[in-house]
Amino acid sequence: MRLRGLLWLNAISSVLPAALLGSATVEGRVELPKSRSAPVQAKRYEIVTKGGVLSTQPPLAVVYLDGAFPRPASLPTKEVRQKDLTFIPALLPIEAGTKVEFPNLDDTYHNIFSYSPAKRFDLGRYRPEERPIPSVIFDKPGLITLRCDIHEHMRGLILVLNTPYFVMTDTAGRFRLDKLPPGHYTLKAWIDSRTTKEKAVDVKNGQTLHVDFP
Amino acid sequence: MSFVETRDKGVARFRTRLFTTMMIVVATLTALGFYLAQRKVTADAERNLQQIFQNELSSLHKLEELRHAALADRCNALAAKSRIHAAIEDNAIDLLYPSAKDELRDLMEGEEPPPAQAAQWLHAKFYRFLDSAGAVIKPLNPYDVGELNGDTEAQLALSELPDKQQIGYVLENTQAGDRAIDEVIAVPIFSTDTGEVISALVIGFNPLELENKHTGMQSGIWTHGQLHLPAFPTASQTTLKGKVADALANSDQDENYFRVDAGGAPQLLFYKRLNPGSLFPRAYEICVYPLSYSLEELRRLRWQVGGAGALLLLGGFIASHLIALRFSAPVKKLALDSEENRAKRRRAEAALASTAEELERSTRYSADASHQLKSPVTVLRVGLESLLDREGFRPEIYEELSGLLHQTHRLTGVIEDLLLLSQLDAGHLQIASTPVNLSQLVDEWLDDLGALPDSPDVKIEKEFPPGLFVAGEKRYTSLVVQNLLENARKYNRPGGRIRVSAGANGGGVVLTVGNTGCAIAPGENIFERFHHSSTPSPASGHGIGLNLARELARLHGGDLRLVRSENDWTEFEVRFSGANGVNPVA
């Protein structure tokens, strides 16, 4: 997990303008809800709804640094695949303005749509060979619930954030954000569709700040 | 009052009584028939109407079940739709109705059918979704989902989301000012994720109506405290409404019926809860059946029963007449017979009384006569005896006097016998029974016979044991024996014989006295009182001896009879009661 998060950060930092490059680091641990099931070794996780609250199973959190950051001119395209009648990844955090493609890797039709206030769209029914790959640009921050009109049980989440500084925790809740620009921010931890914890942080160059979300 | 009159009166009274009884029985039966017929007709009518009501309701329910089943399928499919879920769960209520529109399009499409065509039972008038609190989610474009005014729409809300189908009825005030009733069905929508109820779809229909198969039947619906019975006259609706309200207020039953007078005629009103257990307000199917048909039937049956009663009464009258006649005949005869019997008895009683009187008189007379006779005879005898004691008469005179004295003795004997007889006849003679030595008695009398001066030359044979005792009074026993022995001597022939034998026989003693001499003519009743032999005899008696002897023998519990009288031999047999324990065993 950690390796993967670092890869992502590398990817993000490579496209950031040099002026914004920072050297500060925030790391810590988010207290995740207890998972009833045993820890899953597989990399797969899914979206579950419980009492109208969507979260990942096993529980994961997205930690991000909230603030007013200049929007980059272009952002890398992301991807949410449909494979075996599930969304992969089930939870995708992106920066606002990111284009997400929805390739169909199944042998059946899918009809991805969202009624979420942050973004309503409907890709219509399409087969795997559909080209160009149907995509949507998410320009407004918020949580988007992905559904398939044909496969009612399919759920996916896209967390559109205002910031380029975000990371997903591992299953133990550990996270690390680095190359942060110094400044006064609010550090937020998205845990589920209803729960986002936040803490004010003072990020200084060259320092590693330790923040826990109990 | 004559016997015939009395009899006729009795018969008439009997007939009247019989007829009255029959009248009462027939009248009671007729009244009972009336009562039972009325009860039966009423109960039958109510049962029939109830049956009709139930049948019609059940056909209605079948239709409704079909509707509900079809709706349930549709709603389940709808609830499984991602877009509906997305709209509800992702707070995109504005997209809810548009998303459902496609699904429910066929339900809403087409011309609204007239209410009578219940076959269009799947044509919805409107639909609404309820939010998680049970409140109505207002549509953005009411045209697509059926327009409703605010009041009606408010009635669709529920206090909570239902977890199963709910049936309700809402009042709708139409633009024309009429009031219509809509049937609504609320179907829950379950989350496919959690199984929780996240919403409900409420669909409105024209209510299914009972088919008007029964003449005059009116059906309607009661809900929200309002009666919706459009076919019923408005004037009577208020009455009916009050009655239904009372009935529903006073009873928890979901189903009942009662009689009601509305519209100037008796009606049978049925009601049945249409939506038992529903979250919507209670609604009842109301059915009003006019009872005129059953009343007519009742009237006809009354005539029939009345006619039957009248016929029965008439038949009873005739039958009672005949029966009275039939019964009065033997009664008459009985009356007649008893009257005759009474007359006969009276006559017999009178005859008996006169006979008894005569008998008494005669008995008294003979007793008196005996006494009156005894005194002069005694005077005569005493006179003759004193004359015989005198001396100085010629010998012929003495002989004459002696003969006269003998006659007075004879006269005395006759008088004594008569006295005894009269006592016997009057039943005044009492005997003191003691053991009497018969052997000794016979011996004494035989000795006396031999001592008599005029005894003829007869040979006497004795054949009895000594010391033979009989029960009786010695005086009278002696008389019997004397009588028989004297007769045997008197009616004997010279040189004849007398045989006297006696012996115990059974419980008694039999004494037989036989003598030679002329036989008694057959058929002659020698035991008759004052009997005189038809054959002239020199030795005739006064004719009461044998009679007296037999009477005395019978008085002693025995008898005297003539055994035989033929060929110069006459034999009498007298039976005495034996003296107990005294006689030797024979």
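Residues numbered from 1 in each chain as written. Chains lettered and ligands numbered in written order. Predicted model: local features only at pLDDT ≥ 70, side-chain atom pairs only at ≥ 80, totals over all residues.

Undergrad: Which parts of the structure should I look at to understand the overall build of chain A?
TA: Looking only at helices and strands, one finds one helix and 19 strands in chain A. Considering chain A as a whole, with its 214 residues, one finds that 35% of them fall into the buried category. Considering only contacts in chain A between residues 6 or more positions apart, those separated by 24 or more positions represent 64%. (Helix = DSSP H or I, 4+ residues; strand = E, 2+ residues; numbered from the N terminus. Buried ≥ 20, exposed ≤ 12 C-beta atoms within 10 Å, placed from the backbone. Contact = placed C-beta atoms within 7 Å.)

Undergrad: Before we go on, may I ask you to explain the interface of chain A and chain B in this structure?
TA: Listed per partner, the contact involves twelve residues of chain A and 14 residues of chain B. For the side of chain A that touches chain B, the element with the most residues is strand β13 (residues 142-148) of chain A, which contributes three residues. Considering only residue class, the side of chain A that touches chain B consists of three nonpolar, five polar and four charged. (Nonpolar A, V, L, I, M, F, W, Y, C, P; charged D, E, K, R; others polar.)

Undergrad: Help me out: how do you make sense of the nonpolar core in this one?
TA: Nonpolar side chains tend toward joint burial in soluble globular proteins. Among the nonpolar cores identified, the biggest contains 56 residues, and Ala200, Leu201, Val202, Ile203 and Ile286 of chain B are the most heavily contacted of them. Non-local contacts of Ala200 of chain B, meaning those with residues more than four positions away in its chain, are made with Leu130, Leu161, Pro162, Ala186, Val187, Pro188 and Ile189 of chain B. If you look at the next biggest cluster of nonpolar residues, it comprises 50 residues, including Val30, Tyr64, Leu159 and Leu161 of chain A. (Core = buried A, V, L, I, M, F, W, Y, C linked by C-beta atoms within 7 Å.)

Undergrad: Sorry, what's going on with the pairing of strand β6 (residues 218-223) of chain B here?
TA: Every regular strand shows the same layout, with side chains that alternate between the two sheet faces. All names here are of chain B. Taking burial as the measure, the six residues of β6 include six buried ones, the bulk of the element. Burial along β6 is two-sided: Gln218, Gly220 and Trp222 facing one way and Ser219, Ile221 and Thr223 facing the other are all buried. Bridge count for β6 against strand β10 (residues 283-290) is six bridges, and the pairing is antiparallel. By the bridge assignment for β10, Thr223 is matched with Ala283. Relative to strand β7 (residues 226-228), β6 runs antiparallel, the two being bridged by three bridges. Looking across to β7, one finds that Trp222 is bridged to Leu227. (Pairing = 2+ DSSP bridges.)

Undergrad: Help me understand the confidence of the model for chain B in this model?
TA: In low-pLDDT regions, the fine details of the predicted coordinates are not to be read closely. Considering every residue of chain B, the mean pLDDT works out to 80; 90% of them sit at 70 or more. Prediction confidence for the complex, expressed as pTM and ipTM, is 0.53 and 0.75 respectively. (pLDDT = per-residue confidence, 0-100.)

Undergrad: What exactly am I supposed to notice about the sheet that holds strand β9 (residues 98-101) of chain A here?
TA: Paired through their backbone hydrogen bonds, the strands of a sheet run either parallel or antiparallel. Spatial ordering of the open sheet is given by β5-β9-β12 (chain A), a layout of three strands whose pairing is mixed. Both outer strands of the open sheet, β5 (78-79) and β12 (135-138) of chain A, are each paired with one neighbouring strand and no more.

Undergrad: Whenever I open this one, the packing of helix α10 (residues 474-490) of chain B against helix α11 (residues 545-555) of chain B confuses me. Can you help?
TA: Helices that pack against each other are described as a pair by the angle of their axes relative to one another and the distance between those axes. All names here are of chain B. Two numbers describe how α10 lies on α11: the axes approach to 9 Å, and their chain directions differ by 145°. For the crossing formed where α10 meets α11, the hand is left-handed. Between α10, through Tyr476, Leu479, Val480, Asn483, Leu484 and Asn487, and α11, the contact on the second element is made entirely by Gly545, Leu546, Ala549, Leu552 and Ala553. Along the lines of polarity and charge, the residues of the contact of α10 with α11 split into eight nonpolar, three polar and no charged. (Axes fitted to C-alpha atoms, helices over the stretch in contact; angles between N-to-C directions. Left-handed = near helix turned anticlockwise from the far one by under 90°.)

Undergrad: Help me out: how do you make sense of α10 of chain B in this one?
TA: Taking 1.5 Å per residue as the helical rise, α10 of chain B with its 17 residues ought to reach 24 Å, and the 23 Å between its terminal C-alpha atoms agrees with that figure. Listed in full, the buried residues belonging to α10 of chain B are Tyr476, Thr477, Val480, Val481, Asn483, Leu484, Leu485, Asn487, Ala488 and Arg489 of chain B. (Expected span 1.5 Å × (residues − 1).)

Undergrad: Is there a simple way to think about helix α8 (residues 395-426) of chain B in this case?
TA: For the α-helix, the turn length of 3.6 residues means that residues three or four positions removed from each other point alike. All names here are of chain B. Between its first and last C-alpha, α8 extends 47 Å over 32 residues, near the 46 Å set by a 1.5 Å rise per residue. Listed as buried for α8 are Asp417, Leu418, Leu421 and Ser422. Of the residues flanking the end of α8, it is Gly427, one or two places downstream, whose phi is positive at about 75°.

Undergrad: I tried to follow unusual backbone geometry on my own but got confused; where do I start?
TA: Excluding glycine, residues mostly carry a negative phi; peptide bonds, for their part, are mostly trans. All names here are of chain A. Here the amide bond leading from Ile88 into Pro89 is cis, since omega sits at -5°, within 30 degrees of zero. With respect to the helices, strands and loops of the structure, Pro89 is situated in the loop between β7 (86-88) and β8 (91-95). Across the junction of Arg131 and Pro132, the peptide omega takes the value -5°, indicating a cis bond. With respect to the secondary-structure elements, Pro132 resides in the loop between β11 (119-126) and β12.

Undergrad: Which parts of the structure should I look at to understand the environment of Asn487 of chain B?
TA: Residue and element names in this part refer to chain B. As for its placement among the helices and strands, Asn487 is situated in helix α10. Residue Asn487 is classed as buried on the basis of its 21 C-beta neighbours within 10 Å. Each C-alpha atom, one on Asn487 and one on Asn515, is 8.9 Å from the other, the two residues being 28 residues apart in sequence.

Undergrad: Just to check I follow, could you spell out the packing of α8 of chain B against α11 of chain B for this structure?
TA: All names here are of chain B. Two elements in contact, α8 and α11, have axes separated by 10 Å at closest approach and are oriented at 40°. Judged by the inter-axis angle, α8 sits oblique to α11. As α8 runs across α11, the sense of the crossing is left-handed. Contact residues: Asp417, Leu420, Leu421 and Leu424 in α8; Gly545, Leu548, Glu551 and Leu555 in α11. Each residue belonging to the contact of α8 with α11 can be placed in one class, and the counts come to five nonpolar, one polar and two charged. (Parallel < 35°, antiparallel > 145°, perpendicular 65-115°, else oblique.)

Undergrad: Help me out: how do you make sense of the sheet that holds strand β2 (residues 136-137) of chain B in this one?
TA: Strands sit in the order β2-β1-β5-β4-β3 (chain B) across an open sheet of five strands; the sheet is antiparallel. Looking along the sheet, the strands with just one partner apiece sit at the ends: β2 and β3 (166-173) of chain B.

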